Amino acid sequence: MMQKAKVRKKRVITEDNNILRFSRLGKFSESAARYTSSIHLDKKLLPAVVAINSAHVVMLLKRELIAKDVAREILSSLRELPPNLEMKDELEDVHMNVENFVIEKTGKEIGGMMNFGKSRNDQVATALRFALRDELLLLGKEIVEFQKSLLFQARRHSSTIMPGYTHLQRGQPVTLGHHLLCYFDELERDFERLLSCYQRVNKSPMGAGALASTSLPISRQTVAKLLGFDSFVENSLDAVSSRDFATEAIYLCSQVMNDLSRLAEEIVLWSSKEFSFVEVPDEYASTSSMMPQKKNPVVAEITRAKASQVIADLTSSLGIMKALPLSYNLDLQELSSNLWSATERTISTLDVFGKMLKGIIFNPKAMFEAVKHDDSLFATDIADHLVQKYKLSFREAHNRVGSLMRAIYSRREEKTKKNNNKKKKASSPPTSSIESLTTEEIRSILRVDVTKDEISRLLDPETGLAKKKKVLGSPNPDLVRKACNERLEKKLRSHLNSLSKLENRLAKSRAILDREIKQVLRSS
Ligand code: ARG
């Protein structure tokens, strides 16, 4: 006997059963429905929308605005809602699709009570904040992980000496550890921004209704509490129409991406043969399909580009907001795509780049060579010495050392020219060295009775950094090590602690809501 396959009929949304439109409007053009729908953005909001509806229904029951059996049926249908609910464009968004699901399960008499005292406008603002909280916690964890990678490398290279740059011209010697800790501190401020942003995100707009709240005696506090919010957004117009909580989060992402992009740029630069300061691990490099020798720092390149995309998300979202009259306008819907693309790009960049950074191979030898062959990096130290020992004014010392540098550079140029004329291959490129001048020349330029030894002693970067640079926050290797061990390690622990406290609070509120729902479901 042929078994008849049970085919579950998919319900088609028509003019007559579209719960939103049927009494007021005729058929929606298919292309307009697709064009204006937010369903492609709403998948992320589904768990939030289910939680919000559940909390709202629990509150309605507590306030005796709906009967117990109505609450029970709605809550039980919300529990059955599949996490991959198939949403229909004709119903515009996740909010109407969820309501439609409940009405299909329970009938209009019962399911139709779910939207009593609320609107999609307060609901979407709440759902965005609800989902953004999780995203911010994830972002926070990724920032800390990235900082760990920086700390790992900074410790390893606390005394690795390299040229420090301004205007991308060699300035003074620094330690690589110090250079990396600069990025650590930038991310430190980003983390502070994140915690502060979280506070403003963690407020519930529920109860603001479409724009003017509701005449029903609902409790905004109860819903806020059940959803784990610290409090609610008081002014109803503000609650439905403001998105500064989102633009602020996008700004946070842009700032993080900007910080990472600067480091990415350095990695791209430093991995060129011209610098040869770093080699990226194979797992994070790519090659050319034509030039077999290539090893391309692709993760750093993509980071630079993604930083621009996140900045575009920020300008786009501020642009969407800037001329909107109060209160809710559907323009706001498009800002959600900026929000999620900014957080997703930033989280994935922190993750992949952070892992690459941990495995990156720095080349201390090449860095040191660059310092060794360039005495100009010590020009400031020589000037300081003239001030301290020969009591010159700093400007005077600066001018005299400037002349010394000019003399060194022209000696270097002469040497290069000579080599070129003789067509002689130089064994190594001419260096910018004080050695190229005689003691007499040095004395006559500096106009003090220095000895060559005295100057040579100033040219030792290790002594210069370790013994002379005692000022707090300088690149001194001891200070770098101290910062890593005493200050920064502690900061990371405290950040993880702050994040887990916030997570626990959310878990607690989820448990409370769950208990409340179960209580209603068990009651008869
Ligand atoms: N899909 C909308 C959004 O993401 C939800 C609110 C729609 N409200 C309305 N009145 N059409 O913003």
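Structure: see above.
In this text the structure is predicted, and so the values were computed from the model without any measurement.

**Here's the deal with unusual backbone geometry**
Omega for the peptide link from leucine 326 to serine 327 comes to 0 degrees, which places this bond in the cis form. Here serine 327 lies in the loop between α12 (298-322) and α13 (331-359). Its identity as a non-glycine residue notwithstanding, serine 276 has a phi of 55 degrees, on the positive side. Topologically, serine 276 is positioned in the loop between α11 (244-270) and β5 (278-279). Even without being a glycine, arginine 447 presents a positive backbone phi close to 55 degrees. Relative to the helices and strands, arginine 447 is located in the loop between α17 (439-446) and α18 (452-458).

**Some remarks on the side chain of aspartate 42**
Turning to its location among the elements, aspartate 42 is positioned in helix α2 (residues 39-42). Arginine 120 is the oppositely charged side chain nearest to the buried, salt-bridge-free aspartate 42, at an N-O distance of 7.9 Å. Side chain to side chain, aspartate 42 and serine 38 meet in a polar contact 2.7 Å long. If near-sequence neighbours (up to four positions away) are discounted, aspartate 42 is found in contact with Met87, Asp93 and Val94.

**Focus: the packing of aromatic side chains**
As enumerated under the stated definition, the model contains 4 aromatic pairs in all. Centre to centre, the rings of phenylalanine 146 and phenylalanine 353 are 5.3 Å apart; their planes meet at 80 degrees, and the pair counts as edge-to-face. One end of the pair, phenylalanine 146, is in helix α7 (residues 120-156); the other, phenylalanine 353, is in helix α13, with 207 residues separating them in the sequence. In this pair, the class of phenylalanine 146 matches that of phenylalanine 353, namely buried. Aromatic pair tryptophan 270 and phenylalanine 277: ring centres 5.9 Å apart, planes at 65 degrees, arrangement edge-to-face. Each member of the pair, tryptophan 270 together with phenylalanine 277, is buried. Put simply, the rings of Tyr165, Trp270, Phe275 and Phe277 pair up and form one aromatic cluster. Positioned over the ring face of phenylalanine 229 is arginine 133, at 4.4 Å from the centre of the ring. Above the ring of phenylalanine 152, the side-chain terminus of lysine 358 is found at 5.2 Å from the ring centroid.

**Considerations on the site of the ligand**
As a matter of local geometry, the ligand sits amid Ser38, Asp93, His95, Arg120, Asn121, Val124, Tyr328 and Gln333. Side-chain polar atom of serine 38 to a nitrogen atom of the ligand: 3.0 Å apart, as the coordinates give it. Note that a nitrogen atom of the ligand is positioned 3.0 Å from one of the side-chain N or O atoms of aspartate 93. When isolated, the ligand has an accessible area of 340 Å², and the protein chains bury 84% of it. The dominant element in the shell around the ligand, judged by the number of residues it contributes, is α7, at 3 residues. When grouped by side-chain class, the residues that make up the shell around the ligand number 2 nonpolar, 4 polar and 2 charged.

Cut-offs applied
Residues numbered from 1 in each chain as written. Predicted model: local features only at pLDDT ≥ 70, side-chain atom pairs only at ≥ 80, totals over all residues. Heavy atoms only, no water. Helix = DSSP H or I, 4+ residues; strand = E, 2+ residues; numbered from the N terminus. Buried < 20%, exposed > 50% of the residue type's maximum accessible area, 1.4 Å probe, protein only. Lys, Arg positive; Asp, Glu negative; His and termini not counted. Salt bridge = Lys/Arg side-chain N within 4 Å of Asp/Glu carboxyl O. Polar contact = N/O pair within 3.5 Å; in protein donor to acceptor, adjacent residues only side chain to side chain. Contact = heavy atoms within 4.5 Å. Phe/Tyr/Trp six-rings, centres within 6.5 Å; stacked < 30°, edge-to-face > 60°. Lys NZ or Arg CZ within 6 Å of the ring centre and 35° of its normal. Near = heavy atom within 4 Å. Areas by Shrake-Rupley, 256 points an atom, 1.4 Å probe, with all protein chains shown as cover. Nonpolar A, V, L, I, M, F, W, Y, C, P; charged D, E, K, R; others polar.

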